[in-house]
Every structure is written in C-alpha cells, then in structure tokens.
Amino acid sequence: MRRVSRSRAGAETGKVDARSERWREHRKKVRAEIVDAAFRSIDKHGPEVSLREIAEEAGTAKPKIYRHFTDKSDLFQAIGERMHDMLWAAIIPSIDVETDSAREIVGRGVEHYVELVEQHPNVVRFLLQGRFADQSAAAMATVNKGRDITLAIAEMLSSQLEEMALNPAAFELAAFAIFGTAASATDWWLGADETRPRRMPSDEFIRHMTTIMMGAINGTAELLNVKIDADQPIHTAVHRQQPVA
C-alpha cells in the first residue's frame, strides 16, 4: 500500500484548498457579471424582461446562467440583493445619528433612495411588482432584506435613547411601517407603464415622503409619551412629555 507523507498530504490539501478558493472567486465574479447584465437588460427591456434577454446582454447562453444560479428565483434574489447593497452603501455612510437631526437623517435617506430609483426605475418595478411566479418569492425576499436599512437606522436611534428606556419594539414597528410605506409609494410614483411620466416631480416626491415618514416617527414618539424636536440631534431632541393634569 502506497503511503503519502504528512508533508505531501498537507501540500495536496493546500493545492485543493487553493483551487477551491479560486473556483469560488471565479463563481462570485461570474455571478456578479450576470447580475450587472441583468440590471442593464431590465433597464433596457423593462420589468417584463426574459431570461434569454438577460443571457444575451451577458454575452452567454441560458444554460450557463443556470450553472451559476440555482434557478430564476436565485437570480432575481441576487438582483434584489444588489439593489439593497447599493442603497445601503448610499444611505448608511451619509448619516451620523450623533450629530444629524431626525429630519436630516430621514430627508437624506429618502433623497438617496429616490436617486437610486431614478437610476434604475425598471429594476425597481421588476422587484416591486413581481409579475412572474419565480419572481414573487424573490420579490418578498428583497423587500424583507430592504427592511434591514430602516431597521438598522431604528436601532441606531434606539441606542441613542437607551437611557430613556423606550420600548425597542415601537422603533422596530415604525421601521417596518416606514419601509412598507416607501415601497408602496414608490410603486404608485413610478406606475406600471415605464413610458408614462412620474406622477409627480422627484423633488416633490422627496418632500412628501420625508414629511410622511416624519409623521410616522412623531406618531411613534407620541405613543411613547415623548416629544421630538426634529431639527436637533437625536440624543438632545427627545424629551419626555409632561403628564396632563
């Protein structure tokens, strides 16, 4: 029986690990390139885009897509994750809960969100409207992942007010309500027909959405028996309401 020395076995294992890592990196790179092509194809063809059109944009054939994605739902979910990552990268670094006021945080978040929607309106339609059976589950997964952003901001705000011992579930509920409002309002604003103009100018939409979201925040504060000065940094803006005699 042929024996393999420990050093030889270790070297073989190292080679296998290196090959596996190169293959993983290659798969990640190809998946990212296909998602890039999907964005371009959806931007071009609209939310009714076919897998064939995505494959053509990627310069490949449908079978190759299925070598890198489990099924259409896997690809659709990857498109949603890319949109989520783009939104996260735009919003989170732009806010500072220690110095920014609630109005600045909300307004800046809405502005970055609308900018991204304007860059890829058909991709947003594709994700929100979920017209295909495979797409519906992926669309819900995208919506759930998108809530991470509002939940992260809610957690930041909650940690700033930790000493006030406010109910964290109230912030979480407000975050879910705000995200749901944003998704529904965006669907209304864009409309189903990409050839029609927006239902209102983007700057007006931003103002309305900021005001609506601030309303949700102020309503939550009222339920917690606190008052928010929307133009002050969070840690100095929130005060307990005096009980009514």
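Per chain, the residues get numbers from 1 upward, laid out in the order the sequence is written. Owing to the predicted nature of the model, reporting of local features is limited to residues with pLDDT of at least 70; listing and counting of side-chain atom pairs is limited to 80 or more, with chain, interface and lining totals taken over all residues. Hydrogens are left out, water is left out, and the side-chain values use all remaining heavy atoms of the structure.

The next thing to look at is the overall build of the protein. When helices and strands are tallied, the protein shows 10 helices and two strands. Helices and strands appear in the protein in the N-to-C order α-α-α-α-α-α-α-α-α-β-α-β. Under the scheme applied here, a residue whose accessible area is under 20% of the maximum for its type counts as buried, over 50% as exposed, and between as partly exposed, the area being computed with a 1.4 Å probe on protein chains only. Relative to its 245 residues, the protein shows a buried fraction of 41%. Only heavy atoms enter the contact rule, under which two residues are in contact if any of them lie within 4.5 Å. Summarising the internal contacts of the protein: among those between residues at least 6 apart in sequence, 69% fall at separations of at least 24. To be clear on the numbers: accessible area is Shrake-Rupley with a 1.4 Å probe, and residue cover counts the displayed protein chains and nothing else. Split by element, the accessible area of the protein, about 14100 Å² in all, is 53% carbon and sulfur. The way it works is that DSSP assigns letters per residue, a run of H or I at least four long becomes a helix, a run of E at least two long becomes a strand, and they are numbered from the N terminus.

With that settled, the discussion passes to helix H9 (residues 202-223). Here the expected span of a helix is defined as 1.5 Å times the quantity of residues minus one. A rise of 1.5 Å per residue sets the reference length of H9, with its 22 residues, at 32 Å; its end C-alpha atoms lie 32 Å apart and thus fit the reference within 8%. Those residues of H9 that are buried lie in contact with helix H5 (102-119), helix H8 (168-190) and strand E1 (226-228). Residue Asn225 follows H9 closely and has a positive phi angle near 65 degrees.

Definition of nonpolar core: a set of buried residues of the types Ala, Val, Leu, Ile, Met, Phe, Trp, Tyr and Cys, connected through side-chain atoms within 4.5 Å. Membership of the largest hydrophobic core comes to 53 residues, with the highest contact counts inside it found for Ile65, Leu75 and Ile79. Secondary-structure elements contributing two or more residues to this core are helix H1 (6-45), helix H2 (51-57), helix H4 (72-91), H5, helix H6 (121-129), H8, H9 and E1. Top element by residues in this core is H5. It accounts for eight residues. Residue contacts for Ile79: discarding those within four places in its chain leaves Val35, Ala38, Phe39, Ile42, Val123, Phe126 and Leu127.

Attention shifts here to H4. Given a rise of 1.5 Å per residue, 20 residues ought to cover 28 Å, and the 29 Å separating the end C-alpha atoms of H4 matches this to within 8%. Polar contact criterion, stated in full: a pair of N or O atoms within 3.5 Å, where within protein one must be able to donate a hydrogen and the other to accept it, and residues adjacent in sequence count only if both atoms are side-chain atoms. The residue sitting at the N-terminus of H4 and contributing the capping side-chain oxygen is Asp71; that oxygen lies 3.2 Å from the backbone nitrogen of Ser73.

Before going further, it helps to spend a moment on the side chain of Asn122. Looking at the secondary structure, you find Asn122 in helix H6. The buried category is assigned to Asn122, whose relative accessible area is 9%. Dropping the residues within four chain positions of it, Asn122 is found in contact with Ile42, Asp43, Gly46, Pro47 and Glu194.

For the rest of this paragraph, the subject is the packing of aromatic side chains. In this description, an aromatic ring pair is defined by two values, namely the gap between the centres and the angle between the planes. Note on ring pairs: Phe, Tyr and Trp rings are taken, using the six-membered ring of Trp, and paired if centres are within 6.5 Å. Classes follow the plane angle, with under 30 degrees stacked, over 60 edge-to-face and the rest tilted. Counted according to the given criterion, the structure contains two aromatic pairs. Between Phe76 and Phe126 the ring centres are 5.1 Å apart and the planes differ by 75 degrees, which places this aromatic pair in the edge-to-face class. Taken together, the positions of Phe76 in helix H4 and Phe126 in helix H6 put the pair 50 residues apart, joining distant regions of the chain. By relative accessible area, which is 1% here, Phe126 ends up buried. Seen from their ring centres, Trp189 and Phe205 are 4.4 Å apart, and the 0 degrees between their planes marks the pair as stacked.

Another aspect to go through is the packing of H6 against H8. Between N-to-C directions, angles span 0 to 180 degrees; the directions come from axes that are lines fitted to C-alpha atoms, helices contributing only their stretch in contact. Running from N to C, H6 and H8 point in directions that differ by 125 degrees, and their axes come no closer than 10 Å. With respect to each other, H6 and H8 are oriented oblique. Judged by the sense of rotation from one axis to the other, the crossing of H6 with H8 is left-handed. Here Pro121, Val124, Arg125, Leu128 and Gln129 of H6 lie close against H8, whose contacting residues are Ala183, Thr186, Asp187 and Leu190. When an angle is under 35 degrees it counts as roughly parallel; over 145 it counts as roughly antiparallel; between 65 and 115 it counts as roughly perpendicular; any other value is oblique. Working rule for handedness: look at the near helix, and if it is turned counterclockwise from the far one by less than a right angle, call the crossing left-handed; if clockwise, right-handed.

Right, let's talk about the pattern of salt bridges for a bit. The salt bridge criterion pairs a side-chain nitrogen of Lys or Arg with a carboxyl oxygen of Asp or Glu, the two atoms within 4 Å. In the structure shown here, the tally under the stated rule is nine salt bridges. Two residues, Arg40 and Glu57, come together in a salt bridge whose shortest N-O distance is 2.9 Å. Of this pair, Arg40 sits in helix H1 while Glu57 is found in helix H2, placing the two residues 17 residues apart along the sequence. The class for Arg40 is partly exposed, based on a relative accessible area of 40%. Taking the relative accessible area as the measure of exposure, Glu57 reaches 23% and is therefore partly exposed. Here Glu56 makes a salt bridge to Arg52, at a shortest N to O gap of 2.9 Å. With Glu56 and Arg52 both in helix H2 and four residues apart, this pair spans about one turn of that helix. Look at the salt bridges and you will find they share partners, linking Arg40, Lys44 and Glu57 into a network.

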